[in-house]
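Each chain, written out:
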Amino acid sequence: MSAAAAAAAVPGRRAKAAIHWFRKGLRLHDNPALLRACEAAAVYPVFVIDPWFVSEERVGVNRMRFLLETLEDLDAALRARSSKLSVLRGRPEEVLPRAAAHWGADLLTFEADFEPYALQRDEAVRSLLAERGVRVESFVSHSLYDPRGVAAAGPGGKPPLSYGPFVKLLRGIGPPPRPARDPPAAMPSEGWKPAPAALTFTDNATTASGTGDGASSLPASGEPASAAHGDRLAEARIPSLADLGYAPPEHAPLFPGGEQEGLRRMAAKLSRGDWVRAFAKPKTSPTAVGEPDTTGLSPYLKFGCVSSRRFWHELAAVNAGGPHGSPPTSLEGQLLWREFYICHGFSFPNYDRMAGNPVCRQIAWQDDPELLRRWEEGTTGFPWIDACMRQLRAQGWLHHLGRHAVACFLTRGDLYQSWERGARVFDRLLVDSDWALNNGNWMWLSASAYFFQFFRVYSPVAFPKHTDPDGDYVRRWVPELANFPKAYIYEPWKASKQNQRKWGCEIGSDYPEPIVDHVAVSKLNMARHKAAYEAHKAPGPPRDVPVGDSPGAFQVGSAPRAPKRARGDGDEGDAAAPGGSGEERDGASAAKRAKPASP
DNA sequence: TTCTCAGTTGGCGCA
DNA sequence: CTGCGCCAACTGAGA
Ligand SMILES: Cc1cc2nc3c(=O)[nH]c(=O)nc-3n(C[C@H](O)[C@H](O)[C@H](O)COP(=O)(O)OP(=O)(O)OC[C@H]3O[C@@H](n4cnc5c(N)ncnc54)[C@H](O)[C@@H]3O)c2cc1C
C-alpha cells in the first residue's frame, strides 16, 4: 500500500476524492471539516449508522427520529448543492475503509469529537485509513473552544472545578472563533459515483445492484431531489424508523430534526431581543405546556444542527442591543455551561461513572430496581415527578428544572439510587442526550460533584407550585388526576376517599400511593450524604450510614398517610448495604462503548 | 496553612 | 405576592 500512501492528500494540496464523515455537526453552515473536503476534486458526504446503537434500549425513538429527520434535511441541503448524503450501515472502522477504497478517496475529514468513545473510534479509523494511504483531518467546531486548549490553560492542565473560574479562563482566551463560511453552491463531484450498494440502505422492492452503481447520479444544482430521482427507487437512501425496527412513535415530535429547523428556531428566539437580554435561567418555567420557556435548542446543539459558535456570535449581537444579564444565569451563560461540561468530560477520566472518577464523590447508593422502575415509568405517586417523567418519555425533553426535580428525587432527595442509573435512563430517553452534559449534570444534582449543598432538597410537592399553582402541567401529563382541584393536585393522597371517587381516581388503585415519605426520607438521605462526605475527607471505602437503621426514623415528621409501603420498599434500614467499593462495576465492556455519540 | 467568600435554580415560617 | 432570616453547613478558589 505504499503507492497508495504516497498518494495521500497532503495539507494544502488538493485531494482527488474526499469523504466527509458526518457524526455530530449535522449541518452545512460553520463546518470547517466539510469545507476542507470541498477542496477535493470530488467530495462524498457520508453518515454511518452503527447497528450497535440502533435499538430502543440504547437510543429512544425520539432521538432516533430526530436523527433521521436531520439526515433527511442534510441530504436535501446537499442535493441543493449538487451533492447528496450517503448513509452507510455498519461499524465505522469497517465501513469507512471500504468506502474509501471504493471511491478512491485520499482524504477523510470530520468534526472532532472529544467524548472517550468517539476518541477511541476515531483513532481506530484514523490508523486503519492511514495504512491505506488515506489522510484523516479533523476540525474543532462542536464546542465554542477547543477543550484541549481550555484544559491546558487551566491550573495544572485541568479546567477549574467551579464555573466562575472556568468562565474567567474563557474570558482570558477571548471570544470563540467566528463561524466558517458556507460550502460552495456546487460541491465538487468530479467522476462521482454512488456508494457501494453493500454498505447502504436500499429499498427491497428493487435492487440497486441490477444495473450497477452507475444507475445513480447526482442532482444538478438546486434541482429538487424527488423530481430528479423518482425513477431510481432502488437508490441508496436514508432509512426510516421502521427500517431500523422502531415502532411508530406515539407522539408528534416537540422538535423536528434538521439544520433548517434549528436555524429557524434560533432566529425566532433571538428575534425577541428583550426576552434574550432578560433571560435568567432559574426564573424560567419548568411547567410550560407546549412551547418551552427556554430556547429549546438543545437537540440542535447536541447534533450540531446549529453551530454553538454561530449561536454565540448572534447572541452577542443581540446582547449589544441593550443591558443584559451575565453568566451563569444569562443565555450566554447556558452556552458556557455546555462548554464547562464538554471540557470536563474531556479532561477527567470515567466521567460517566462514580468509580475512578476524580471529580465524583464516592457514595454508597442503594440499589433497588423496583424503585428505579417506578421512577422511570412515572408511577412514583408524586404527580409532579410523574408528570416530568411522562413528558420525558413522550417527548424526549424536559425543562432544566424538571430534570433537577426528577434527578434529585431519584438520587439524594428521595430514592437514593445511583445517579449513573438515572443518567442511563436519561441517555436513552432524551432527544438531546449529550454524554458530557448528561453525566455532569447528574453529578451536580446528586451532589456528587460541583454542587455540595445537599441539604437543599427539592420538594416534589412545593417546588412546582412556584410556576404552576393550579397544576395544569400535571393535568396534561397525568390525566388520571385531571379532575383534581389545585388544593390536591400535588398531593392527591390527601384527598378523602370520597373525593377521590368523585374526581375519578382512587389513590392506591387508579394512581399509586406516594412511593416514599418525602419529609422523612429526605432527612435520612441528608444524613447519608453527610456521612459520605466525611468519609471522603478521611479516605476509605464508602460505607452506608447507620443512620435510620431504626425503622422509627421513618416515622419522624411523616406526611399524612405516609404509605406503609414507603417504609417497606424504601430501601431503608439496611445499614449493611454493600458499599459500592468501586472496582466491581458492571460490564467493563459496556463501559468501553457506553456511548451514543452519533445517535 | 488557614481563613473567607460565593455558589444558577430549597423549604419554610414570618412579616 | 415579596422579601427575609433561619435551617445547619457543603465545597473550590483565592487571598
Ligand atoms: C440531570 C440533568 C441531565 C441533563 N442532560 C442533558 C443532556 O443530556 N443534554 C443537554 O443538552 N442538556 C442536558 N441537561 C442540561 C439542560 O437541562 C438542558 O440543556 C436544557 O434544559 C435544554 O433546554 P434548552 O435548549 O431550552 O435550554 P436553554 O436554557 O435555552 O439553554 C441553551 C443551551 O445551553 C446549553 N445548556 C443549558 N443548560 C445547560 C446545563 N445545565 N448544562 C449544560 N449545558 C446547558 C444547552 O446546550 C442548551 O440547549 C441536563 C440537565 C440535568 C439537570
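Cut-offs used in this document
Residues numbered from 1 in each chain as written. Chains lettered and ligands numbered in written order. Predicted model: local features only at pLDDT ≥ 70, side-chain atom pairs only at ≥ 80, totals over all residues. Heavy atoms only, no water. UniProt positions renumbered as here; feature names shortened; annotations may be inferred. Near = heavy atom within 4 Å. Polar contact = N/O pair within 3.5 Å; in protein donor to acceptor, adjacent residues only side chain to side chain. Nonpolar A, V, L, I, M, F, W, Y, C, P; charged D, E, K, R; others polar. Areas by Shrake-Rupley, 256 points an atom, 1.4 Å probe, with all protein chains shown as cover. Domains from an automatic or database assignment. Contact = heavy atoms within 4.5 Å. Buried area = accessible area lost by both parts, 1.4 Å probe. Salt bridge = Lys/Arg side-chain N within 4 Å of Asp/Glu carboxyl O. Phe/Tyr/Trp six-rings, centres within 6.5 Å; stacked < 30°, edge-to-face > 60°. Helix = DSSP H or I, 4+ residues; strand = E, 2+ residues; numbered from the N terminus. Lys NZ or Arg CZ within 6 Å of the ring centre and 35° of its normal. Axes fitted to C-alpha atoms, helices over the stretch in contact; angles between N-to-C directions. Left-handed = near helix turned anticlockwise from the far one by under 90°. pLDDT = per-residue confidence, 0-100. Buried < 20%, exposed > 50% of the residue type's maximum accessible area, 1.4 Å probe, protein only. Parallel < 35°, antiparallel > 145°, perpendicular 65-115°, else oblique. Pairing = 2+ DSSP bridges.

Looking up chain A in an unreviewed UniProt entry gives the name Photolyase/cryptochrome alpha/beta domain-containing protein, with the organism given as Cafeteria roenbergensis. The record in UniProt for chain A states the following under Sequence similarities (unreviewed entry): "Belongs to the DNA photolyase class-1 family."

Caption draft 1: Region of interest: the protein's contact with DNA strand C. If you check the shell around DNA strand C, you find P160, L161, S162, P165, R361, F452, Q453, F454, F455, K530, Y533 and K537 and nothing else. Taking the atoms of DNA strand C that fall within 4 Å of the protein, sugar and phosphate contribute 88% of them. L161 places a polar main-chain atom, nitrogen or oxygen, 2.8 Å from a phosphate oxygen of DNA strand C. Tallied by class, the residues present in the surface near DNA strand C amount to seven nonpolar, two polar and three charged.

Caption draft 2: Quick peek at the site of the ligand. Around the ligand, a shell composed of 29 residues is seen, among which T294, T295, G296, H400 and D432 lie nearest. Here S298 contributes a backbone N or O atom positioned 3.0 Å from an oxygen atom of the ligand. In the model, a nitrogen atom of the ligand is placed 3.4 Å from a nitrogen or oxygen of the R338 main chain. Burial of the ligand by the protein chains amounts to 99% of its free accessible area of 820 Å².

Caption draft 3: Local environment of the domain arrangement of chain A. Per the domain assignment, the segments making up chain A are domain 1 (1-140) and domain 2 (369-592). Taken residue by residue, the interface counts 12 residues in domain 1 and 11 residues in domain 2. Summed over both sides, the interface of domain 1 with domain 2 buries roughly 880 Å², with 48% coming from carbon and sulfur. The interface formed by domain 1 and domain 2 contains one salt bridge. Residues R63 and D427 are paired through a salt bridge, measuring 3.9 Å at the closest nitrogen-oxygen approach.

Caption draft 4: Representation of the packing of aromatic side chains in the model. Applying the stated criterion across every chain, the model contains 37 aromatic pairs. Look at W375 and W442: their rings are 6.0 Å apart centre to centre, the planes differ by 75°, and that puts the pair in the edge-to-face class. Highlighted residues: W375 in helix 14 (residues 369-377) and W442 in helix 18 (residues 435-445), separated in sequence by 67 residues. Taking 4.9 Å as the distance between ring centres and 80° as the angle between the ring planes, the aromatic pair formed by F426 and W442 counts as edge-to-face. In this pair, F426 is assigned in helix 17 (residues 419-429) and W442 in helix 18, connecting sequence segments 16 residues apart. The ring centre of W52 lies 3.7 Å from the NZ or CZ of R58, which sits over that ring. Cation over ring: K302 sits above F303, and NZ or CZ is 4.9 Å from the ring centre.

Caption draft 5: Spatial organisation of the packing of helix 4 (residues 92-103) against helix 5 (residues 116-131). Packing of helix 4 against helix 5 brings their axes to within 9 Å, and their N-to-C directions diverge by 30°. The two elements helix 4 and helix 5 cross, and the hand of that crossing is right-handed. Across the interface between the two elements, P92, E93, L96, P97 and A100 of helix 4 pack against R121, A124, V125, L128 and L129 of helix 5. Looking at the contact of helix 4 with helix 5 residue by residue, the class counts come to eight nonpolar, no polar and two charged.

Caption draft 6: Region of the structure containing the confidence of the model for chain A. On average, residues of chain A score 87 in pLDDT, and 83% of them are at 70 or above. Across residues 1-5, confidence stays below pLDDT 50; counting only partners more than four residues off in sequence or on other chains, it has five contacts. In this model residues 546-598 is a low-confidence stretch, pLDDT under 50, and it forms 95 contacts with partners more than four residues away in sequence or in other chains. Across the interface, the model reports ipTM at 0.99; the global pTM reads 0.90.

Caption draft 7: Spotlight on the pattern of salt bridges. Applying the stated criterion across every chain, the model contains 36 salt bridges. The residue E376 makes a salt bridge to R428 at a minimum N-O spacing of 2.2 Å. Here E376, found in helix 14, pairs with R428, found in helix 17; they are 52 residues apart in sequence, far enough to count as distant. A salt bridge links E534 to K530; the nearest nitrogen and oxygen atoms lie 3.3 Å apart. Placement of both E534 and K530 in helix 22 (residues 518-537) is noted, with a separation of four residues, approximately one turn of the helix. What makes K530 partly exposed here is its relative accessible area of 46%. Several salt bridges share partner residues, and in doing so they unite R36, E39, R135 and E137 into one network.

Caption draft 8: Spotlight on the UniProt feature "domain: Photolyase/cryptochrome alpha/beta" (unreviewed entry) in chain A. UniProt annotation of "domain: Photolyase/cryptochrome alpha/beta" (unreviewed entry) refers to residues 16-144 when read in the numbering used here. Structurally, residues 16-144 is divided into 41% helix and 22% strand, and its ends, taken at the C-alpha atoms, are 31 Å apart.

Caption draft 9: The arrangement of the protein's contact with DNA strand B in detail. P282, Q334, W337, V457 and S459 are the nearest of the 18 residues found near DNA strand B. Counting only the atoms of DNA strand B that lie within 4 Å of the protein, the sugar and phosphate share comes to 41%. Residue W337 places a side-chain N or O atom 2.8 Å away from a base oxygen belonging to DNA strand B. V457 has a polar backbone atom sitting 3.4 Å from a sugar or linking oxygen of DNA strand B. Residue assignment for the surface near DNA strand B shows that the elements contributing at least two residues are helix 13 (331-347) and helix 16 (400-413). The residue inventory of the surface near DNA strand B, partitioned by class, reads nine nonpolar, seven polar and two charged.

Caption draft 10: Representation of the packing of helix 9 (residues 259-270) against helix 12 (residues 308-319) within the structure. The geometry of helix 9 relative to helix 12 is characterised by a closest axis approach of 11 Å and an angle of 15° between their N-to-C directions. When the interaxial angle is binned, helix 9 and helix 12 end up roughly parallel. Crossing handedness for the pair helix 9 and helix 12: right-handed. Taking contact as the criterion, the partners of L263, M266 and L270 in helix 9 are, on helix 12, R310, F311, E314, L315 and V318.

Caption draft 11: The arrangement of the sheet that holds strand 3 (residues 86-89) in detail. Spatially, five strands are ordered 3-2-1-4-5 in an open sheet, and the strand pairing comes out parallel. Two strands lie at the open edges of the sheet, namely strand 3 and strand 5 (135-139), each paired on one side alone. Averaged over all pairs of adjacent strands, the angle between their axes in this sheet comes to 30°, without regard to strand direction. In the sheet, strand 1 (residues 17-22) pairs with strand 2 (residues 42-49) via six bridges, with the strands oriented parallel. Its bridge partner being in strand 2, A18 is matched across the sheet by V43. Sitting on the sheet, helix 3 (residues 61-79) touches strand 1, strand 2 and strand 3, and the angle it makes with strand 2 is about 170°.

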